[in-house]
Amino acid sequence: MGGVAEKMDSNYVKAVRFEKPDYIPMFFCINDSCWHHYPQDQLFDLMEEHKLLFPDFVHPKGKYIPNYRLVARAGEPYTDDFGCVWTTTENGITGTVTEHPLKDWEAFKTYQPPDPRTCMGIGPIDWEEVEKDIKAAKEKGDYVGGELRHGHTFLQLCDLRGYENLLMDMANEEGKLWELIDMVEEFNAFIVERYLSFGVDQFSYPEDLGMQYGPMLPPAYFLKYIKPSYQRLMKPALDKGIIVHMHSDGDIKALADDLIDSGVQIINLQDLVNGIDWISNRYRGKICIDIDIDRQKITPFGTPKQIDELIKEEVEKLSTPQGGLIMTYGLYPNVPIENIKAIMIPLHKPLVNPCFRRILV
């Protein structure tokens, strides 16, 4: 795992920096589980028809077999670098941690953390290869990003201790928790510094902090235990003028201001669970919004017309003529093919869609 996390073009940079992009940058991500739920040729045809979304796509010969990530292989429990055991019932869908190595604090006495010189926390990494890839991308003029593993701090603590144990640790002000946080942060800091030394332009700190309603931990606990670590991890990137991106699923309204205060410059959050109007009123024109288009209600269960209306609403309420909006959609197996097409059409032709013309021209 690891390597060049993302390559973005100059239009993306303009959107991030509010420098009047030519169009709204869009990312369409197909989860690996889709390849055994949909007829593959249908997905390939859609990818070929939408070159803006899939500019480097080459139709494979024969059946495509995804290389499922280590934490997304059904029937193959995976023990990660921290000793957490992941299981999933669906190939391609990231599993959950079912065995926590520090469930009992007694185990912490002899616990040995992983070595970031050889791993990312959830799989091996070859830093020489990463440096080579980033250097090659930079020589081509690409805008290059790096990232921590998803779930780098709060979720890592959950995986080590167990969710309920961790919240009780916070409530009881368990002294050993600070030692554990320091250990995790030291591991993460090495990875951040290594990527920054390679000259990345953007660094991402992805971690889910929200539930369907409200955050996964009380805001007071976030402020006390998690935000200081976030700030220390983001500071090296900010000091170098590197763009800081943060992703979180779920309802993070109670935490969003503190995330931005920590240094986040692009915030990737879900639309309906947080509320389009709330996001617009709070952040439109002030910070770059990477909006995660609904995957729970309208795109899987609505009509193509409703999907078109949703995307138009988000563009109208979240973008500005100067930029500040990125749109991201993650495809999972519960979306009808006609709805996939409806999502791709406005994302594929942003300058043709009247809504986009009204916003950007």
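So, how was this worked out
Residues numbered from 1 in each chain as written. Predicted model: local features only at pLDDT ≥ 70, side-chain atom pairs only at ≥ 80, totals over all residues. Heavy atoms only, no water. Axes fitted to C-alpha atoms, helices over the stretch in contact; angles between N-to-C directions. Helix = DSSP H or I, 4+ residues; strand = E, 2+ residues; numbered from the N terminus. Parallel < 35°, antiparallel > 145°, perpendicular 65-115°, else oblique. Left-handed = near helix turned anticlockwise from the far one by under 90°. Contact = heavy atoms within 4.5 Å. Expected span 1.5 Å × (residues − 1). Buried < 20%, exposed > 50% of the residue type's maximum accessible area, 1.4 Å probe, protein only. Arc of directions from axis to C-beta. Pairing = 2+ DSSP bridges.

**Observations concerning the packing of helix α4 (residues 154-161) against helix α6 (residues 175-197)**
Packed helices, taken two at a time, are described by the angle their axes make and the gap between the axes. Viewed as axis vectors pointing N to C, α4 and α6 meet at an angle of 120°, and their least axial separation amounts to 10 Å. One finds that α4 runs oblique with respect to α6. The element α4 and its partner α6 pack so that their crossing is right-handed. In this structure, α4 contributes Q156, L157, L160 and R161 to the contact, and α6 contributes L180, I181, M183 and V184.

**Side note on the environment of D41**
Along the chain, D41 falls in helix α2 (residues 40-49). Sequence separation between D41 and H59 is 18 residues, and the spatial gap between their C-alpha atoms is 9.1 Å.

**Considering helix α12 (residues 304-318)**
Helix length check: α12 (15 residues) gives 21 Å between terminal C-alpha atoms against 21 Å at 1.5 Å per residue, within 8%. When α12 is considered as a whole, its buried residues turn out to be I307, L310, I311, E314, V315 and L318. Buried positions in α12, seen along its axis, are confined to an arc of 130° and lie on one side of it.

**Some remarks on α4**
Helical geometry: 3.6 residues make up each α-helical turn, so side chains three or four residues apart lie on a common side. Burial runs high along α4: 8 of the 8 residues are buried. Every buried residue of α4 is accounted for by F154, L155, Q156, L157, C158, D159, L160 and R161. Contacts made by the buried residues of α4 are with β4 (85-87), β5 (96-99), α5 (163-172), α6 and α7 (219-239). Positive phi appears at G162, one or two residues downstream of α4, with a value of about 95°.

**Focus on unusual backbone geometry**
Despite not being glycine, K20 shows a phi value in the positive range, around 55°. As for its position among the elements, K20 is in the loop between α1 (10-16) and β2 (26-30). In the Ramachandran plot, E173 falls in the positive-phi region, its phi being about 55° despite a non-glycine side chain. One can find E173 in the loop between α5 and α6. Classification of E173 by relative accessible area gives exposed; the value is 54%.

**As for the sheet that holds β5**
Reading across the sheet, the 3 strands line up as β3-β4-β5 and stay open at both edges, with antiparallel pairing between neighbours. Here the strands that pair on one side only, and so sit at the sheet edges, are β3 (78-79) and β5. Where β4 meets β5, 3 bridges bridge the pair, whose relative direction is antiparallel. Bridge assignment links T87 to a residue of β5, and that residue is T96.

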